[in-house]
Amino acid sequence: MTNKNQDNKMEKIVSLCKRRGFVFPSSEIYDGFSAVYDLGPYGVELANNIKNAWWRAMTQFRDDVVGLDSAIFMSPKIWEASGHVKGFSDPLTECKKCHSRLRLDSLLEDAGIFADEKMSEDEINEIFDKNKDKIKCPNCGAKDFTPGKKFNLLVQSNLGNFTGDWSKEPTYLRGETCQGIYVNYKNVLDSARVKVPFGIAQIGKAFRNEITARQFIFRTREFEQMEMQYFIKPDTQEKYYNEWKETRWKFYLDLGIKEKNLKWHKHENLVFYAKEAYDIEYNYPFGFKELEGVHARGDYDLSQHSKHSGQDLSYFDVTSGEKFVPHIVETSAGVGRTFLAILSEAYTEEGEGDGARIVLKISPKLAPIKIAIFPLLKNKPELVKKAKDIFDELKLIWKCEFDDNGNIGKRYRRQDEIGTPYCLTVDFDSLENESVTIRDRDTMVQERIDIKNLVSYFKDKIEK
Ligand code: ATP
């Protein structure tokens, strides 16, 4: 696809998300609220299915990872210990003409100049000064900017603060979910039957004061993360790091993402404690961008929390008699970024003229609605009743939708656009011979199936 078509594809996805109830801009009736989005009826189903797939892959299909749901608010001391209060920042610049606030590392990167959000203010400003003539404001085209300044991304709140002064003793909305895992590591160790190596998985909201939030749900100020921290013996890092890289890559293939649309990006400029860091990038309509990080974090996190809390967070290995602070391999993915990758992958336009259709070829596992059930005609009570009976049976197992509105062709098109893999129609023959027509979303082929065999038929199709 050319760049123009890709831009177009993004617009089409955004429009479909609104039109069909996947994603709504926040606070729309009040002119919106920047960089925050709401999930509509089909969006919440898709997001839940993504989270379920991840949760099952982490905590159900393996016996060495347990789950956790820590609170969004935590002691502010955690964010001091983790380094976020001092160092969780992106370089900010402002266009002197239109006053847009922009992320300096992204501006440089877009102009083909290597930069990293982890560089110091002086380092990045030096690169900025050298390349000033190459950098234009993406909003007005001007080339006049303020010097880069580090801007902290932590979102503050007044929770539990009754002084009336927001700046005193701020509490923070968590900037990442994994800190809740580190500070509960000992609780889990003492209560669940786990031994190193083991992992703790968590899905939850995180908040960041992103400077430029662009590209729809790719970068938002409130978002959801799916993070897993794997606690290991220090000398086993290479083995587990490679295993997790492989596992996480395969996860996306299992969700139906084509391998050619994924790539590894190695971090060249590692934060001082990181041992190795790669991101899995997905080929979004705006190019390859980070979908998930797989990072070897050494013992930084537990050591910091041990130092700041005064608690011993080391592990005693009863078999070898060794005592050590576990090292960590982390996998950290965004729900919104996975959601957008799934939609980009699935969005398809087919046919021409009357036969033209938009279809979301989402894997049945993730599809918001698995089966749509139609009576052929809505004014024939026998058909409606039979279709309702089938709906009442299948809804106990899968998310189904009953629809008796409009002609069958229109009902098919609507289900195609929300990615429903199977449409089931009850017609006059159904009353005679207890069978129904099932139409496949991707091939549009229809087959006749006996009503008594529907559950096993769909089990095979949806859960395989
Ligand atoms: P980026 O470089 O794109 O800002 P990051 O390296 O800061 O991302 P991490 O801190 O590693 O991201 O977060 C882990 C994952 O959380 C990311 O891979 C991404 O999927 C998700 N994520 C991070 N920030 C956002 C955001 N603002 N909006 C949506 N998802 C996000």
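Chains are numbered independently. Their residues run from 1 in the order of the written sequence. Per-residue local features of the predicted model are confined to residues with pLDDT of at least 70, and side-chain atom pairs are confined, for both listing and counting, to 80 or more; whole-chain, interface and lining totals are unaffected and use all residues. Values reported for side chains reflect all heavy atoms of the structure, with hydrogen atoms and water molecules removed beforehand.

Enquirer: Honestly, the pattern of salt bridges in this entry has me stumped. Any pointers?
Expert: Between side chains of opposite charge, pairing is possible as soon as their charged atoms come close. The term salt bridge refers to a side-chain nitrogen of Lys or Arg lying within 4 Å of a carboxyl oxygen of Asp or Glu. For the structure shown, the criterion picks out 35 salt bridges. Taking the shortest distance from any N to any O, the salt bridge between D64 and R62 comes out at 2.8 Å. Its relative accessible area of 16% is what places D64 among the buried residues. Residue R62 is classed as partly exposed on the basis of its relative accessible area, which comes to 23%. A salt bridge links D389 to K385, with the nearest nitrogen and oxygen atoms 2.8 Å apart. Here D389 and its partner K385 are both found in helix α11 (residues 381-394), 4 residues apart, which amounts to about one turn of the helix. Burial classes follow relative accessibility: with a 1.4 Å probe on protein chains only, a residue under 20% of its type's maximum area counts as buried, one over 50% as exposed, and anything between as partly exposed. Relative accessible area serves as the criterion here: at 39%, D389 is assigned to the partly exposed category. Only DSSP runs of H or I covering at least 4 residues are called helices, and only runs of E covering at least 2 are called strands; the numbering of each starts at the N terminus.

Enquirer: What exactly am I supposed to notice about the sheet that holds strand β16 (residues 327-334) here?
Expert: Remark on secondary structure: sheet strands pair via backbone hydrogen bonds, oriented parallel or antiparallel. At least two bridges found by DSSP between two strands are what make those strands a pair. Read across the open sheet, the 7 strands follow the order β3-β9-β10-β16-β13-β12-β11; overall the sheet is mixed. Strands at the two margins of the open sheet, each flanked by one partner only, are β3 (65-68) and β11 (262-266). The average angle at which neighbouring strand axes cross in this sheet is 25 degrees, direction not considered. Of the pairings in the sheet, the one linking strand β12 (residues 276-284) to strand β13 (residues 287-298) comprises 9 bridges and is antiparallel in character. When the sheet's bridge partners are listed, I280 is paired in β13 with E292. Helix α7 (residues 178-191) contacts β3, β9 (198-207), β10 (222-232), β13 and β16 of the sheet and is inclined by roughly 145 degrees relative to β9. Angles shown run from 0 to 180 degrees and are taken between the N-to-C directions of axes, each axis being a line fitted to C-alpha atoms and, for helices, limited to the stretch in contact. Contact definition: two residues touch when any of their heavy atoms are within 4.5 Å.

Enquirer: Any chance you could explain helix α9 (residues 300-309) here in plain terms?
Expert: Residue pairs spaced three or four apart in an α-helix point in one direction, given the helix's 3.6 residues per turn. Within α9 the residues assigned to the buried category are Y300, D301, L302, Q304 and H305. Close packing links the buried residues of α9 with α3 (76-81), α7, β10, β13 and β16. Once α9 finishes, G310 follows within two positions and takes phi at roughly 80 degrees, a positive value.

Enquirer: Before we go on, may I ask you to explain unusual backbone geometry in this structure?
Expert: A negative phi angle characterises most non-glycine residues, just as the trans form characterises most peptide bonds. For the peptide bond that leads from V196 to P197, omega is 5 degrees, which places it in the cis range. Secondary-structure assignment places P197 in the loop between α7 and β9. Phi at S27 is positive, roughly 50 degrees, even though this residue is not glycine. Within the element layout of this structure, S27 appears in the loop between β1 (23-25) and β2 (37-39).

Enquirer: Would you explain the sheet that holds strand β21 (residues 422-426) in this entry?
Expert: Taken in spatial order, the 5 strands make up an open sheet running β20-β19-β21-β22-β23, and their pairing is mixed. Every interior strand has two partners, whereas the edge strands, β20 (400-402) and β23 (446-450), have only one. Averaged over all pairs of adjacent strands, the angle between strand axes in this sheet comes to 25 degrees, irrespective of strand direction. Helix-sheet contacts for helix α12 (residues 408-418) involve β19 (371-375), β20, β21, β22 (435-440) and β23, and the interaxial angle to β19 is about 170 degrees.

Enquirer: Would you mind showing me how to read the packing of aromatic side chains here?
Expert: Geometrically, a pair of aromatic rings is defined through the distance of the ring centres and the angle of the planes. By convention, a stacked pair of Phe, Tyr or Trp rings (six-membered ring in the case of Trp) has centres within 6.5 Å and planes under 30 degrees apart, an edge-to-face pair has planes over 60 apart, and any other such pair is tilted. Applying the stated criterion across every chain yields a total of 23 aromatic pairs. Taken together, a centroid distance of 6.0 Å and an interplanar angle of 45 degrees make the contact between F22 and Y42 tilted. Here F22, found in the loop between α1 (3-19) and β1, pairs with Y42, found in helix α2 (residues 41-60); they are 20 residues apart in sequence, far enough to count as distant. Using a relative accessible area of 9% as the deciding quantity, one classes Y42 as buried. Note on Y185 and F198: the rings are 6.4 Å apart at their centroids and 10 degrees apart in plane angle, and the pair reads as stacked. Residue Y185 is located in helix α7, and its partner F198 is located in strand β9; the two are separated by 13 residues in the primary sequence. By relative accessible area, F198 is classed as buried at 1%. Here R248 stacks its cationic end above the ring of F251, 4.3 Å away from the centre of that ring. Two conditions define a charge located above a ring, namely a distance within 6 Å from the ring centre to NZ of Lys or CZ of Arg, and an angle within 35 degrees of the ring normal.

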